[in-house]
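Each chain is listed here by its residues.
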Amino acid sequence: AQSVTQPDIHITVSEGASLELRCNYSYGATPYLFWYVQSPGQGLQLLLKYFSGDTLVQGIKGFEAEFKRSQSSFNLRKPSVHWSDAAEYFCAVALKTSYDKVIFGPGTSLSVIP
Amino acid sequence: GAGVSQSPSNKVTEKGKDVELRCDPISGHTALYWYRQRLGQGLEFLIYFQGNSAPDKSGLPSDRFSAERTGESVSTLTIQRTQQEDSAVYLCASSLIRTGHNEQFFGPGTRLTVL
């Protein structure tokens, strides 16, 4: 079955430390890939997206993600986390054959400690 | 331009009552999505509109849930005979559908509490 998994339910990092949030998908072909962030009490905001081309994509707020076809992964990274990055992060995919259907992963909650 | 707006921002209702949630998408966005997010959970897809037709209603949890959309404009999500398990944040998103550009823009959500 088609699915999006985020293996880490909750992650805690120290401010200034590096961050990697994992995302794996299960589809027959390469989908469109997205990362969204949801700050407390806020709606979801797009961080970055991958459609084709360079497998390392840059997003807002200093985030980047790398698409690895062989691993069916699209992990989100940030070299130095800020306290304001504490939020819920959602990976999402859209099939190229029916790109209007977007499937969200269960989310990873990020806590940042001083 | 304005983003996606939703109203009300908060709704408290009694079990058994009907509620109507509204979503105003970004002007010109042809696609509109409704999601439910229970406390501490991910997004649960409810329904998707392309224009005023709904090609995918697969996520509606029961026949108490219905949604409609006027043209490529406002959408309302109606929950009849609300139950306590309907308590959640209901998120709306809109998108300008074209190949390879399905970025969804989300509204702030409506927090529904059923007592």
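Residues numbered from 1 in each chain as written. Chains lettered and ligands numbered in written order. Predicted model: local features only at pLDDT ≥ 70, side-chain atom pairs only at ≥ 80, totals over all residues. Heavy atoms only, no water.

### Comments concerning the overall build of chain A
When its secondary structure is counted, chain A shows zero helices and 12 strands. Sequence-ordered secondary structure for chain A, helices as α and strands as β, is β-β-β-β-β-β-β-β-β-β-β-β. On C-alpha atoms alone, chain A measures out to a radius of gyration of 14 Å, which is about the 13 Å that the 2.2 N^0.38 rule sets for 114 residues. The principal-axis extent of the C-alpha atoms belonging to chain A is close to 45 × 30 × 20 Å. (Helix = DSSP H or I, 4+ residues; strand = E, 2+ residues; numbered from the N terminus. Rg over C-alpha atoms; globule rule 2.2 N^0.38 Å.)

### Considering empty space enclosed by the protein
With a probe scaled to a water molecule rolled over the atoms, the places where space remains empty come into view. All names here are of chain A. Under the counting rule described, the total for this entry stands at one cavity of 30 Å³ or more. Taken as a whole, the largest cavity spans an internal volume of roughly 50 Å³. Lining the largest cavity are V37, S39, L47, K61, F63, S84, D85, A87 and Y89. When its residues are assigned to classes, the lining of the largest cavity shows five nonpolar, two polar and two charged. (1 Å grid on protein atoms, 1.4 Å probe; cavity = no way out; pocket = protein on both sides within 12 Å on 5 of 7 lines; lining within 4 Å. Points joined across faces, edges and corners; volume = space filled by probe spheres on them. Nonpolar A, V, L, I, M, F, W, Y, C, P; charged D, E, K, R; others polar.)

### Looking at the interface of chain B and chain A
Accessible area lost upon the coming together of the parts serves often as the stated size of an interface. Contact with chain B, which involves 22 residues of that partner, is made by 17 residues of chain A. With both sides pooled, the region where chain B packs onto chain A buries about 1600 Å², and carbon together with sulfur makes up 56% of that total. For the interface between chain B and chain A, the tally reads one salt bridge. For A:K49, the salt bridge goes to B:E103, with nearest N and O atoms at 3.4 Å. At the surface where chain B touches chain A, the tally comes to three residue pairs in polar contact (both at pLDDT 80 or more). Elements supplying a minimum of two residues to the side of chain B that touches chain A: β4 (31-37) and β5 (44-50) of chain B. For the side of chain B that touches chain A, the leading source of residues is β4(B), giving three residues. (Contact = heavy atoms within 4.5 Å. Buried area = accessible area lost by both parts, 1.4 Å probe. Salt bridge = Lys/Arg side-chain N within 4 Å of Asp/Glu carboxyl O. Polar contact = N/O pair within 3.5 Å; in protein donor to acceptor, adjacent residues only side chain to side chain.)

### A look at the side chain of A:E88
With respect to the element layout, A:E88 can be found in strand β10 (residues 87-94). One buried charge, A:E88, has no salt-bridge partner; the nearest side chain with opposite charge is B:R111, at 12 Å. If we ignore the near neighbours within four places in the chain, the residues touching A:E88 are A:Y36, A:V37, A:Q38, A:P106, A:G107, A:T108 and A:S109. (Buried < 20%, exposed > 50% of the residue type's maximum accessible area, 1.4 Å probe, protein only. Lys, Arg positive; Asp, Glu negative; His and termini not counted.)

### Focus on the pattern of salt bridges
When their charged atoms lie close together, side chains carrying opposite charge are able to pair. Residue and element names in this part refer to chain A. Here the structure, examined in full by the defined rule, presents eight salt bridges over all chains. R77 is the partner of E64 in a salt bridge, and the nearest nitrogen-oxygen pair spans 3.2 Å. Here E64 is found in strand β8 (residues 64-68), whereas its partner R77 is found in strand β9 (residues 73-78), with 13 residues between them in sequence. A salt bridge links E66 to R77; the nearest nitrogen and oxygen atoms lie 3.1 Å apart. Note that E66 is positioned in strand β8 and R77 in strand β9, a separation of 11 residues in sequence. A relative accessible area of 23% places E66 in the partly exposed class. The class of R77 is partly exposed, set by a relative accessible area of 23%. Within the structure, one salt-bridge network assembled from shared partners comprises E64, E66 and R77.

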